[in-house]
Structure formats: structure tokens, C-alpha cells
Amino acid sequence: MTAAQTAAPNMDSMFSPAPKVTFGGALRSEFTKIHSVRSTRWTLLAMIVLTVGLGAIATYGQSKAHRAPYFDPTAWSLGGVWLTELLIGVIGTLVITSEYSTGMIRTSLTALPRRGLLLAAKITVLAAVVFVTGLIASLAAFFAGQAVMSSHHISTTIAHLGVVRAIVGGALYLTVCALLALGIGLLIRHTAAALATAIAVLFLLPIAGSLLPHGLQNHVDKWLPTAAGAQIWTVNHAPHLNSASPIGASGPMLSPWAGFAVFCGYAATVLAAGLLTFRKRDA
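Here is what the cut-offs are and how they apply
Residues numbered from 1 in each chain as written. Predicted model: local features only at pLDDT ≥ 70, side-chain atom pairs only at ≥ 80, totals over all residues. Heavy atoms only, no water. Axes fitted to C-alpha atoms, helices over the stretch in contact; angles between N-to-C directions. Helix = DSSP H or I, 4+ residues; strand = E, 2+ residues; numbered from the N terminus. Parallel < 35°, antiparallel > 145°, perpendicular 65-115°, else oblique. Left-handed = near helix turned anticlockwise from the far one by under 90°. Contact = heavy atoms within 4.5 Å. Core = buried A, V, L, I, M, F, W, Y, C linked by side-chain atoms within 4.5 Å. Buried < 20%, exposed > 50% of the residue type's maximum accessible area, 1.4 Å probe, protein only. Arc of directions from axis to C-beta. Salt bridge = Lys/Arg side-chain N within 4 Å of Asp/Glu carboxyl O. Phe/Tyr/Trp six-rings, centres within 6.5 Å; stacked < 30°, edge-to-face > 60°. Lys NZ or Arg CZ within 6 Å of the ring centre and 35° of its normal.

Draft legend 1. Quick look at the packing of helix α5 (residues 81–102) against helix α8 (residues 163–188). Direction vectors running N to C along α5 and α8 enclose 40°, while the axes themselves pass 7 Å from each other. In terms of orientation, α5 lies oblique with respect to α8. Once α5 is placed against α8, the crossing between them reads as right-handed. When α5 is examined against α8, the residues V81, W82, T84, E85, I88, G89, G92, T93, V95, I96 and T97 are found in contact with a partner set consisting of Y173, L174, C177, A178, A181, L182, G185 and L186.

Draft legend 2. Molecular detail of the nonpolar core. Judged by nonpolar contacts, the single largest core of 51 residues is most densely connected at I88, L126, Y173 and W233. Counting only elements with at least two residues in this core, the list comes to α2 (23–36), α3 (38–64), α5, α6 (104–111), α7 (115–150), α8, α9 (191–210) and α12 (256–280). Those residues in contact with L126 that lie beyond four places of it in its chain are I34, I91, G92, V95, A178, L179 and L182.

Draft legend 3. Geometry of α6. Residues I105, S108 and L109 constitute the buried set of α6. Buried residues in α6, looked at end-on, bunch into an arc of 95°, giving them a common side. Those residues of α6 that are exposed and angled more than 90 degrees off the buried face are R106 and T110.

Draft legend 4. Structural view of the pattern of salt bridges. Inspection of the entire model under this criterion finds 4 salt bridges. Measuring nitrogen to oxygen at the nearest pair gives 3.0 Å for the salt bridge that ties E30 to K122. One end of the pair, E30, is in helix α2; the other, K122, is in helix α7, and 92 residues separate them in sequence. The same class applies to E30 and to K122, which are both buried.

Draft legend 5. Region of interest: the packing of aromatic side chains. Counting across every chain of the model gives 6 aromatic pairs. Ring geometry for F142 against F143: centres 5.3 Å apart, planes inclined by 70°, an arrangement best described as edge-to-face. Take F143: its relative accessible area is 47%, and that puts it in the partly exposed class. Seen in terms of ring centroids, W257 and F260 are 6.2 Å apart; in terms of plane orientation they differ by 80°. Their pairing is edge-to-face. Here F260 and W257 lie together in helix α12, a separation of 3 residues that amounts to about one turn. Accessibility expressed as a relative area gives 9% for F260, which makes it buried. Between the NZ or CZ atom of R115 and the centre of the ring of F278, over which it lies, the distance is 5.4 Å.

Shown next, in the form of C-alpha cells:
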């Protein structure tokens, strides 16, 4: 065999097209990115611990306090979600902004130029990781909270109507928080500004709503993103929420699934806007 004959296959391999990246490959790549970052693993673990711990503290406080009508032992045991949503917001934001800050986004787009497919992989992996972690946290928080309240005979059981939906709803709520934060990160791209915006939307906006005049607050509260979405992890749907539930809203609220649909609408709108800018702007 001549040298030219042996060189021919090598020349062919040099000019052969690069292997096509599939959606499955993109999913594996995105999962590796999340799993390989130690801070993400620690943040998820902290989210579980804080959700359980804060819920136990809240239920202990309620076991000693005067309980209002429509008292919701399930929602109080899941009350830690109100604060741990901030940790999930940080993860959702950093999934995209960390790639911009390190320049990794260029490598990602070189491997997978189809930006819509890349974003779909990020959304799928982020949603799966947060949902599973959130479900573990919600289950643990529920049982811990009911154990605290059982000695005062104010606990409930997982067989009670609406409790399973509320526990799963806690995980769904955190998942949408993460996706909303991801959309904000796509729009802003800068970590500090995106984190500040996500915290404002998830945490400060409901506080601002509580400062409105009572008559206006009754109409605004139920449409705020987190107040609407949080209905999915309540069981006793009080017509006027106050000390019956850890959800700091006033006035008639939307039903659990209607409120969650509103929250999903906010997240979908931000993600769609983020995808539009992601496709048009340079990396």
C-alpha cells in the first residue's frame, strides 16, 4: 500500500462533518454542568435543610399561638418555601449568567449552534433537578411540621384531601421560581443585576404589594407572581388570607390551580422574551 493510499482516509476524516449534537447529548451536557459545580450541590442541600427547618419553626410557633379560622397545617409546614425560593432563584439565574461571565456560552454555542435546542435542554435539566429536590424538601418539611403539631392535635395527614397536591405543589412552585429566574438571567445576562431582579420579583414584590391601600391590595395581591403561585401549596383556601396561612396576602385569592397557572404565565412570558433576545444577541 502506497503512502498516498494510507493518507487518503486521514484526509477524508479531516474534512468529514462534525458529529451532530442531539437533544439527548445536550441534556447530558447540561446535567454535567449543574452536577459538576460544587456550589450548586451545596445550595440544593441548603434548600432542603432550610425548607424543613423553617417549616418546623413556623409550625412550632403556630402550635403555641391562637389559630385563625381556615388554619392550614400543611401550608405552615411548607412555609420555609417562602425563603428557600430565593436559593432556587440564585440557581436558576446562575445557570445562564455564569456561562456569560466565564465565556462558556461561546463554547456551548459552538457545540450546539441551535440556540432554541440549547435553551430547551437547560430548561429541562433545571426543571428536573429543582423538582426532584423540591419534592424531597416538601415531603420532609410536611412530615416534620406535622410531627411538631401532632402533640397539640392540630396536625393533618397525607391522606387528607388536597395534601398530596400541596406537597407536589411545593416542588412545582420552586421549579417555576427557577425557570422564572432563568428567564431573567437570559434577559439581563449580568449575574449581579439578574440576581437583584430575581430577588425583587420573588421576594420584594409581595412586600411592596402589602404596602398598598387595603382596598387596592385586595385586587392586586392575587395577581402577583409568587402570591398567585403559592396557592398551589395551600389546602384550606381561606377567602381572606391572614394568620390562617404563611402566605402574606390579603383579600380573596385565586384557586390553587388557577393561581399556579398565572404564575406559570409570568415565567413563560419571561422565558419567551429571554429566548427572543438569546437568539438575536451575540454571545
